[in-house]
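So you can see what is in the structure, the chains are spelled out below.
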Amino acid sequence: METSFDVIVIGGGPAGGKCALELAKRGLKVLLAEKYSSFEENNFSSAGMLSETLGDFDLPLDIVGTYWSNFVVQSSSRPYTWKGAGQEGIVLNFGKLKQYLADEAQKHGATVWMGHRYESKEISGNSAQATFTDIAANSKITCSAKLLIDATGPVRKVMYDKVQAQPKMLVGTGIEYLVEVSDEVYARYKDDLTFFLGEKWADMGYSWIFPMDSNTLKVGSGRLVSTNQKRKDLKVITENILEHYMQAGEYKILDVHGGSLRYSLGMKDVFYRDRVLAVGDAVSTVNPLGGEGIRYAMENAEMAVPYIEAFVKRGKNKFGRFKFRWKRKYYLKWLICEILCLRIYLKYTDEKLDHRFAQYHKLANFEDAMENFFRFNFSNFRWKIFGFLFKKIMRR
Ligand SMILES: Cc1cc2nc3c(=O)[nH]c(=O)nc-3n(C[C@H](O)[C@H](O)[C@H](O)COP(=O)(O)OP(=O)(O)OC[C@H]3O[C@@H](n4cnc5c(N)ncnc54)[C@H](O)[C@@H]3O)c2cc1C
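Residues numbered from 1 in each chain as written. Predicted model: local features only at pLDDT ≥ 70, side-chain atom pairs only at ≥ 80, totals over all residues.

A separate point is the environment of Ala369. Its place among the elements puts Ala369 in helix 9 (residues 366-373). Taking the C-alpha atoms as reference points, Ala369 and Phe71, separated by 298 residues in sequence, lie 8.4 Å from one another. In this view, Ala369 contacts Phe71, Trp82 and Ala364; residues no more than four positions away in its chain are not counted. (Helix = DSSP H or I, 4+ residues; strand = E, 2+ residues; numbered from the N terminus. Contact = placed C-beta atoms within 7 Å.)

Written out as structure tokens, the structure reads:
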């Protein structure tokens, strides 16, 4: 068995898969190691996003669960709907996305080990050793490389030997049911990406209904974990939506899965240290407002690739530049989202939420909503806010 590589990528999520694929395409000797033996075992992500993601990352159509056209925010008292013109967004099959990236990496020459859990590292001179447990064989194996990539997502297992050493985190947790519903219920939700805010349907976070293929829907709820207060069970919230909001009648639960997000406030993660580079959610690429993270994890990995190649082939450590470029692009946007996240989920009452959304709904058309909630671009919208405030002052 080969145990010496240029780069060992640990974690087969969107960041790790994309990173391994792009490095293999550049001719590097890559190992991609994932702890689960199948990507179906941790199919935790709702994977809703804009359709442009497919083109941006050269992804095939067969990983798409379905398309959505409209964006709905349901408060405790009323819905706010933005109608799109066509197939504006997609909901991916998350397991298939990861399988596709790993398969492509393998086709381009990478070695892929499923069912291999990373345990520990040792850095000596100009090489790094990583030890894995082969879960099926219950045996240990140590490999060496010039660089280790921490793509283990929220656990950041490779960069930080101890959880206590990690920066201060905003922690979110979510649970999701994949349900098969009747034709009639499916027809009601198949074109919409629906989010719930406010106490009636969510709790310190948001809930959602995302469409999937063949009469299936993803129904879930997520929240910030920031107080010791006893909160409503996320399963209870999700079932409340199924039974009282959707009135789904007879539905079949096909799968229940969940996961967590750990986002470092102010993006304080360590990107590179001692032959370990972190990518994706291991450096808080997930958006702190909506929890959308798949596109950003892949984009971050893609951005890291030329710096990894320069390090491995020419010994050039320019990872500081990689961190600078990423933060230049996202620091401010994510900071605005951090502020909105803490206000919307922790501070606003139902009345305040309704007031804010009613105002926003009046001002923002579908394109504005997509720019704000999915591209996190607020620049065009600031003129609308300015106009709105100006009219308000003039009316006084
Ligand atoms: C409930 C939920 C819903 C979400 N919904 C959406 C959504 O609708 N749209 C969206 O864009 N994003 C969504 N996200 C966020 C998105 O899934 C993440 O931001 C994205 O998956 C991050 O990719 P990553 O590769 O950085 O990390 P991950 O996807 O977390 O991948 C990390 C990988 O590392 C592996 N790993 C961990 N430890 C080890 C170890 N010791 N050894 C080997 N392997 C290890 C894990 O098994 C995993 O496969 C959601 C997240 C959650 C929790």
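Its 12 residues place the ends of helix 1 (residues 14-25) 16 Å apart at the C-alpha level, agreeing with the 16 Å of an ideal helix rising 1.5 Å per residue. Of all 12 residues in helix 1, 11 are buried, a share of seventy percent or more. All of the buried residues in helix 1 are Pro14, Ala15, Gly16, Gly17, Lys18, Cys19, Ala20, Leu21, Glu22, Leu23 and Ala24. (Expected span 1.5 Å × (residues − 1). Buried ≥ 20, exposed ≤ 12 C-beta atoms within 10 Å, placed from the backbone.)

The next thing to look at is the nonpolar core. Val7, Ile8, Val9, Val30, Ile149 and Val279 are the most contacted members of the largest nonpolar core, which totals 99 residues. In terms of residues, this core owes the most to one element, helix 6 (residues 294-314), which gives 10 residues. Within the second largest apolar cluster, seven residues are counted, among which are Trp334, Cys337, Cys341 and Tyr345. (Core = buried A, V, L, I, M, F, W, Y, C linked by C-beta atoms within 7 Å.)

Right, let's talk about the site of the ligand for a bit. Surrounding the ligand, one finds 42 residues, the nearest of these being Gly11, Gly13, Gly153, Gly280 and Gly293. For the shell around the ligand, the secondary-structure elements that each account for two or more residues are helix 1, strand 3 (48-50), strand 9 (116-124), strand 13 (169-180), strand 17 (252-264) and helix 6. When the residues that make up the shell around the ligand are grouped by side-chain class, the tally is 16 nonpolar, 18 polar and eight charged. When residues of the shell around the ligand are sorted by domain, at least three fall in each of domain 1 (7-48 + 94-167 + 269-336) and domain 2 (66-91 + 168-263). (Near = placed C-beta within 6 Å. Nonpolar A, V, L, I, M, F, W, Y, C, P; charged D, E, K, R; others polar. Domains from an automatic or database assignment.)

Quick look at the packing of helix 6 against helix 7 (residues 319-347) now. Where helix 6 contacts helix 7, the axes come no closer than 9 Å and their chain directions differ by 150°. The orientation of helix 6 relative to helix 7 falls into the category roughly antiparallel. Pair helix 6 / helix 7 crosses with right-handed handedness. Contacts between helix 6 and helix 7 involve Asn300, Met303, Ala304 and Tyr307 from the former and Phe319, Arg321, Phe322, Arg325 and Trp326 from the latter. Considered class by class, the residues forming the contact of helix 6 with helix 7 number six nonpolar, one polar and two charged. (Axes fitted to C-alpha atoms, helices over the stretch in contact; angles between N-to-C directions. Parallel < 35°, antiparallel > 145°, perpendicular 65-115°, else oblique. Left-handed = near helix turned anticlockwise from the far one by under 90°.)

For the rest of this paragraph, the subject is unusual backbone geometry. For Gln247, which is not glycine, the phi dihedral falls at a positive 50°. Position of Gln247 relative to the elements: it lies in the loop between helix 5 (234-245) and strand 17. Its identity as a non-glycine residue notwithstanding, Arg275 has a phi of 65°, on the positive side. Note that Arg275 resides in the loop between strand 18 (272-273) and strand 19 (276-278). A residue is classified by how many C-beta atoms lie within 10 Å of it, and Arg275, with 19 of them, is partly exposed.

Each assigned domain of the protein is listed with its residue range as follows: domain 1 (7-48 + 94-167 + 269-336), domain 2 (66-91 + 168-263) and domain 3 (347-389). Computed over C-alpha atoms only, the centres of domain 1 and domain 3 are separated by 35 Å.

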